[in-house]
Amino acid sequence: MNKPILATDVKASAYIKPFLEAELMGKIHSVFDHGLNILLNKQLIYVGDSFQQPLSSVGILIEANVFKSIKENLEVNQLVKITNQQWVFYTRPIVGFKINTIKYHDLNIPKLDSNSKHLQLLLHRLENNTIYEVSGFHENQRLTELFHKITNEKKLERADIFLLIGSGIGLTPSGDDFLQGIIMMEQALAKQTNYLPLLVEELENRNTTDISQSYYKAVLAGQVNEQWLTLIQAVNEKDEKAIDESIQRLKKYGHTSGADTLLGVQAYLNIIL
Amino acid sequence: MLHTVVQKNNYQDSINLMLLSNSINELDGVVKGQVMMATDANKDIFKAGGLYTEELEAASPNDLAIVVDTDDEAVVEKVVEEVDRFLSDLSSKKESSDGPQAVDNWKDALDEMPDANLALISVPGIYAADEIETALDNNLHVFSFSDNVTVEDEVRLKAIAREKGLMLMGPDCGTGLISSIPLAFTNVINPGNIGVVGASGTGIQEVTTIIDHLGGGVVHAIGTGGRDLSESVDAVTMLDAISGLEHHEFTDVIVVISKPPAEAVKNKVIETLQSLSKPVVAIFLGEKPMEHIGNVYFAYTLEETAQIAVDLANGNEIKANYYEPITYEVEKLMTDKTVKGLYSGGTLASEAATLVADALDLGDIQNEDGYILNEKGFEIVDLGDDVYTQGRPHPMIDPDVRIEKIHEVYEDETTGVVLLDIVLGYGAHADMVGALEPALTEVLNKAKEDARDFKIIASVVGTTNDPQNYTDSIKRLEEMGVIVESSNARAIRLALKMMGVEPELNNKELVAYDKERVDIQEPSEKVFELLNEQLKVINIGIESFTEPINNFGGEVVQFDWRPKAGGNQKLIKILNAMDRMPEIDVANEKVVARLKESQPHLIDVKPAYELIPELNTDEKIILHAGPPMEFENVTGPALGAMIGALKFEGWAKDDEDAQRQLENGEVRFIPCHHVGAVGPMGGITTKNFPMLAIENKTDGTTGYCIMNEGIGTVLRFGANGPDVIRRLEWQRDVLGPVLSKALATFEEGLNVNSIISQAITMGDEFHQRNIAASALFLREISPAITSLTDVSDNEKQESIQFLADTDQFFLNIAMATGKAIVDYARKIEEGTIITTMSRNGYEFGVRIAGMGDEWFTAPVNTPKGLYFTGYTEEDGNPDIGDSAITETIGLGGVAMIAAPGVTRFVGSGGFQDALDTSNRMEKIFIDNNSTWSIPTWDFKGALIGLDARKVVETGIEPIINTGIAHKKAGVGQVGAGTVTAPVQAFEKALVAYAKKLGLDIE
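Residues numbered from 1 in each chain as written. Chains lettered and ligands numbered in written order. Predicted model: local features only at pLDDT ≥ 70, side-chain atom pairs only at ≥ 80, totals over all residues. Heavy atoms only, no water.

Now for the overall build of chain A. Within chain A, the regular secondary structure consists of twelve helices and eight strands. Relative to a compact globule of 273 residues, whose C-alpha radius of gyration would be 19 Å, chain A shows 19 Å and is just as compact. For chain A, with 273 residues in total, the buried portion stands at 56%. For chain A, contacts bridging at least 24 residues in sequence account for 69% of all contacts bridging at least 6. Here chain A holds 27 positive side-chain charges and 31 negative ones, and the gap between their average locations is 3 Å. (Helix = DSSP H or I, 4+ residues; strand = E, 2+ residues; numbered from the N terminus. Rg over C-alpha atoms; globule rule 2.2 N^0.38 Å. Buried < 20%, exposed > 50% of the residue type's maximum accessible area, 1.4 Å probe, protein only. Contact = heavy atoms within 4.5 Å. Lys, Arg positive; Asp, Glu negative; His and termini not counted. Charge placed at Lys NZ, Arg CZ, Asp CG, Glu CD.)

Working note: a packed helix pair is described by the angle between its axes plus the distance between those axes. Residue and element names in this part refer to chain B. Here helix 6 (residues 125–137) crosses helix 7 (residues 151–163) at 5°, and the two axes come no closer than 10 Å. If you check the angle between helix 6 and helix 7, you find them roughly parallel. Along its contact with helix 6, which presents Ala129, Ile132, Glu133 and Leu136, the element helix 7 presents Asp153, Arg156, Leu157, Ile160 and Ala161. In the contact of helix 6 with helix 7, the residues fall into six nonpolar, no polar and three charged. (Axes fitted to C-alpha atoms, helices over the stretch in contact; angles between N-to-C directions. Parallel < 35°, antiparallel > 145°, perpendicular 65-115°, else oblique. Nonpolar A, V, L, I, M, F, W, Y, C, P; charged D, E, K, R; others polar.)

Quick look at the interface of chain B and chain A now. Contacts between the two partners involve 25 residues from chain B and, on the opposite side, 16 residues from chain A. Surface buried jointly by chain B and chain A totals about 1,500 Å² across both partners, of which 51% is contributed by carbon and sulfur atoms. The largest contributions to the chain B side of the interface with chain A come from Asn190(B), Pro191(B) and Phe250(B), which together make up 35% of the buried area. Linking chain B with chain A are one salt bridge. Residue Asp252(B) is joined to Lys81(A) by a salt bridge in which the shortest nitrogen-to-oxygen separation is 2.7 Å. Our count for the contact surface shared by chain B and chain A stands at six residue pairs in polar contact (both at pLDDT 80 or more). When its residues are assigned to classes, the side of chain B that touches chain A shows ten nonpolar, twelve polar and three charged. (Buried area = accessible area lost by both parts, 1.4 Å probe. Salt bridge = Lys/Arg side-chain N within 4 Å of Asp/Glu carboxyl O. Polar contact = N/O pair within 3.5 Å; in protein donor to acceptor, adjacent residues only side chain to side chain.)

Below, the discussion takes up the environment of Pro124(B). All names here are of chain B. Of note, Pro124 is situated in the loop between strand 5 (118–122) and helix 6. C-alpha separation for the pair Pro124 and Phe145, spaced 21 residues apart in sequence, amounts to 9.6 Å. Setting aside residues no more than four positions away along its own chain, Pro124 makes contact with Tyr11 and Trp561.

Residues and elements named next belong to chain A. A barrel is described by the order of its strands in space; here eight strands give the closed sequence 1-5-4-3-2-6-7-8, paired in mixed fashion. Taking each pair of neighbouring strands and ignoring which way they run, the sheet shows an average axis angle of 35°. Where strand 4 (residues 43–48) and strand 5 (residues 59–61) come together, three bridges link them in parallel fashion. Across the sheet, Val47 pairs through a bridge with Ile60, a residue of strand 5. Across the sheet, helix 2 (residues 64–71) lies against strand 1 (6–13), strand 2 (24–31), strand 3 (35–40), strand 4, strand 7 (86–90) and strand 8 (95–105), angled at about 105° from strand 1, the strand it touches most. (Pairing = 2+ DSSP bridges.)

What follows is about the sheet that holds strand 28 (residues 677–678) of chain B. Residues and elements named next belong to chain B. In space, the five strands of this open sheet follow the order 28-30-29-25-31, with mixed pairing throughout. The sheet terminates laterally at strand 28 and strand 31 (750–751), the two strands that pair on one side only. Across two bridges, strand 25 (residues 600–607) lies against strand 31 in antiparallel orientation. Of the residues in strand 31, the one forming a bridge with His601 is Asn751.

Opposite charge on two side chains permits pairing when their charged atoms draw close. Residue and element names in this part refer to chain B. Inspection of the entire model under this criterion finds 61 salt bridges over all chains. Here Lys508 makes a salt bridge to Glu304, at a shortest N to O gap of 2.7 Å. With Lys508 in the loop between helix 17 (488–498) and strand 22 (509–511) and Glu304 in helix 11 (residues 302–313), the pair connects residues that are 204 residues apart, well separated along the chain. For Glu485, the salt bridge identified is with Arg490, shortest N-O distance 3.2 Å.

For the rest of this paragraph, the subject is helix 3 (residues 116–128) of chain A. All names here are of chain A. Over its 13 residues, helix 3 runs 18 Å from end to end, which matches the ideal 18 Å to within 8%, given 1.5 Å per residue. All buried positions along helix 3 are accounted for by His118, Leu119, Leu121, Leu122, Leu123, Arg125 and Leu126. The inward-facing, buried residues of helix 3 abut helix 4 (131–134), helix 7 (174–188), helix 10 (226–236), helix 11 (240–251) and helix 12 (257–272). (Expected span 1.5 Å × (residues − 1).)

Time to look at the packing of aromatic side chains. Residue and element names in this part refer to chain B. Under the defined criterion, the tally for this structure stands at 20 aromatic pairs over all chains. Judged by centre distance (5.3 Å) and plane angle (55°), the rings of Trp730 and Phe802 are tilted. Separated by 72 residues along the polypeptide, Trp730 in helix 25 (residues 722–744) and Phe802 in helix 28 (residues 793–805) bring together distant segments of the chain. One exposure class covers both Trp730 and Phe802, and it is buried. (Phe/Tyr/Trp six-rings, centres within 6.5 Å; stacked < 30°, edge-to-face > 60°.)

Moving on to the nonpolar core. All names here are of chain B. Judged by nonpolar contacts, the single largest core of 151 residues is most densely connected at Leu739, Phe777, Phe810 and Phe986. The element contributing the most residues to this core is helix 29 (residues 809–825), with eleven residues. If sequence neighbours within four positions are ignored, Leu739 has contacts with Val605, Met707, Phe777, Ile781, Ile785, Leu803 and Phe809. Grouped together as the second largest cluster of nonpolar side chains are 106 residues, Val255, Val281, Leu285 and Leu419 included. (Core = buried A, V, L, I, M, F, W, Y, C linked by side-chain atoms within 4.5 Å.)

Residues and elements named next belong to chain A. Where strand 2 meets strand 6 (residues 79–82), four bridges bridge the pair, whose relative direction is antiparallel. Among the inter-strand pairings, Lys27 is bridged to a residue of strand 6, identified as Leu79. Note: strand 6 against strand 7, four bridges, orientation antiparallel. In the strand pairing of strand 7, Lys81 is matched with Val88.

A few words on the confidence of the model for chain A. Of all residues in chain A, 99% have pLDDT values of 70 or greater, and the mean over the chain is 92. Looking at the elements of chain A, mean pLDDT is at its lowest for helix 3 of chain A, recorded as 91, and at its highest for strand 5 of chain A, recorded as 97. (pLDDT = per-residue confidence, 0-100.)

The next point concerns a negative patch on the surface. A contiguous patch of negative charge, built from Asp71(B), Asp72(B), Glu73(B), Glu77(B), Glu81(B) and Asp84(B), is present on the exposed surface. Along the chain, the position of Asp84(B) falls in helix 4 (residues 73–96). (Patch = residues over 30% accessible without salt bridge, like charges linked within 9 Å, V, L, I, M, F, W, Y side chains within 5 Å. Areas by Shrake-Rupley, 256 points an atom, 1.4 Å probe, with all protein chains shown as cover.)

Take a look at the structure:
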């Protein structure tokens, strides 16, 4: 049976617009309770199950009932045909959605006020929010040692980057999230450091998951999850309460993904302050 | 020495029996053996195998025949044990599975799934055309796995299908996917935007599995059957399928697979393909295309077909050449050796033959005796060809033929390379690699020991989602030393490389199409629905075909098929023709309405001559049970009763005198049924017998029957001693008049329906058990008897005492009731409802509404049951009596579930047997009579409307509860049991009615 194609509004990251308009066949990469990943011509696209979720730099959000209907018979490796009018999921039965309206959102990393007071405030709030304890580093001796080494020595070396890439558990290993936090901060602060080229080079030497690869690509292109935009804005406004709220939300993102990235932010601040 | 065991009416699926035959041939002491249904075609196979016997000759198509060649009797027992074990294993698997609902006829299948859209048919070929037609009549698309349908039938059925907007996939359609749900012998393919139409089973399997490996997916794969592109069939299915895919929103690319079609058909197909809005990849196996044209990309190999399709499906540019070099390093060329291809897939064999013949310039490929190619020692064999599969399973299921061939080709010293296909997927062997392993390992080891250049190259047709383990299959083959290539084409190319030939594919440019285009018709609404809506399948035949449908989101009803009418082609034709005559159903409903609306009342008891004018004469007339009979055929019980009757009437002074008069023709015989009466057992009735008179108040129709005499030594069972005669005289002089007077006190007589409806809830079925009804009758009649003023107390007491002592008294009331009911219904002389079933001791006679008074007879069966001490089945007389009138109106054995207590008495096992009996009987009746509701049957009404068509179609013979008389005159009752009505009588009735209706039945 081919279920009736439902219709939905779509909120999408402007970063992936070219992929969404190219009429491509993709494959289901992974399926979660509230989202799924599609591999589309080597680019990962995250589909979130409601507009309540923060928009990912490589993602779209659709209406919850539409997501539910799609997910019902979905299996990894099944095919998806994406056009700018509709998405067809080749499941048994075929399901899909037509796009009512699509709104692209710019998720470029905003500039962060490099005033050290702002940055101190952020570091202070991060330290107060016990990020490390809920991160994927906490249970991982090698990552813990690396974290302490980086924060103690106040520098990130090429060898550290090599070791961090793909290190840890999950679809986005903790080391990758950590590095993405660092790269995000470097870009937000307009290159006080120069880790980005090192990371680009080391990514050639070391493998990580498809999902992490996609998020690296996005952050290297200056794109981050919507929640980081909120955090940076709160820091720029020195709104302590908003910073805390933002950190709390980020801590809950993914299994340890948000905390790992926050830990990268914290480490970066340690290095530069 | 040949031993035959025939298991009557034990229908089993042919694939199971082939596997079972393999299993019994492995038993120690069995020279050879075969287990098959005893159809004519299978009898030929027995004959060809030197296993033909007289017992087999006599067996019917519904019988399971086991023939074993062995010198040891004990081995036969072992074989039968193995057969029972194997079949009970299957049935226990069936019982324990959470599989689909199973039915055994079309009506139940359609009731179970009224919105079914596809019939998947896998019945033996000779029956397939009829089942296909029935499916089409019921507006179902058909996927016919069955083969051996004549081309004339295929043309005719496809015309019917097209007329009705339906699609007939097949016959001989081995594989398919509808909405990515696997059907029949099929791999599990990832769903996707490619649609396939193919006239080749393994061709579809090879292309779709490679599509899956390449990351593509298939939404529909529609098999057309191998002859669809022949001139006579004219690509009906292919063109309909193409139109369906063209209009299927989610199909982006269409793949067409076929052997080279007839030229005119090919042009038509190409014109169509060139007129589509979607790109097409086409392969005509055996043709080497030089270019792509217009909308159609032409492929040379099945692998290339899949590669182009996936590129099109992904929106990629099509390469001019999909040639990828064979990377296997050939250490030593085998230019003086040959290639032997041992294929289970016909299309894969054809592909091998084509590629080998093209590369080595061996001329055209043949197709003779299973060889697709047999030139200069290069042999490509299709082991699925009829030559190899007569009476044995297909090589995708059974490895034996291939194992033999592997050894055989190894013995041929010219053999350098053996090519194999291992086909996985639903339907295929659960572990073909494991099954072939001993043979493969043995020849590879021998080659090593002999230092011989010998390689085995295989390709595995399968996906990682197939029920067999695809990856593990490849790994195990490689561990054995078999070289595994990723496609059949690559396996063949490697074989050729070993022969020193590396053919390259020519580049193909895309050139414009400059010929005619045609308008693509919209698909019919039904084809559109099939391709777009939930797949709902009635699976007729091989039960395992339900598994993938269930597993992948389809809905399915299992139809446990067995041949209609025992496989009798003439009867099948009649039944099918009658199925297409709704007026018969209308007539039957009219007859049944009459049976149901009847209002039988017991109104009187009178001497027979007062009720039956034919007896009101000085002529010596005897009424008897059953259809008309000749005196020379009279059996013991009837003869004994006749002698008794002659003595009772005072017409004969003793037994000898009576016998003489009977033999001299001084007595005329009339069947009870011809004079509005019925009689138990011998049914012997003469003018002074007191008879119960029933009036059907609906229109005044009457029915008469003599009174019950009790059990044991009684006239109706043939006893005729002085006590018997005395009892009859007492009934004539006392009981009859007393009951007559008592009944006269009721304004309208006694309402029999009321007694039956109460007693049926109290454990009576009114043939073998009447105790409740007799008691209820006694309850009604006793006050009336006691109120009589002109009857002596003694007579009252005797009468009441007799009724109280006679458990079966009501049986005769029920019989007269049955007669009054059926004679009212018989006034409608239309349709196939049975209006009479009766036996005269040597013939069983039936009458159907549509044939009025005409009898149809067959030799009567002997009852089975329990015998009184001192007697055995040897003593039992063949079935006799009009009492089957109770079964005719849905009581007696038919209503066994109402009287579970009876089942043990008649030799059955208990409640479940009673339930099974009535449930089985339900399949041959058309309705239930709510007036007679049976609590033990969940308050379902007793059955009503026994349909001769259903009896003939199912072969289910109505069951009759009966007493058993001694075969010698004068002895009486010796037991009780059950007997079945012979189906042959119903068959004759049906044939006669078909003639009356003017049906062409020859």
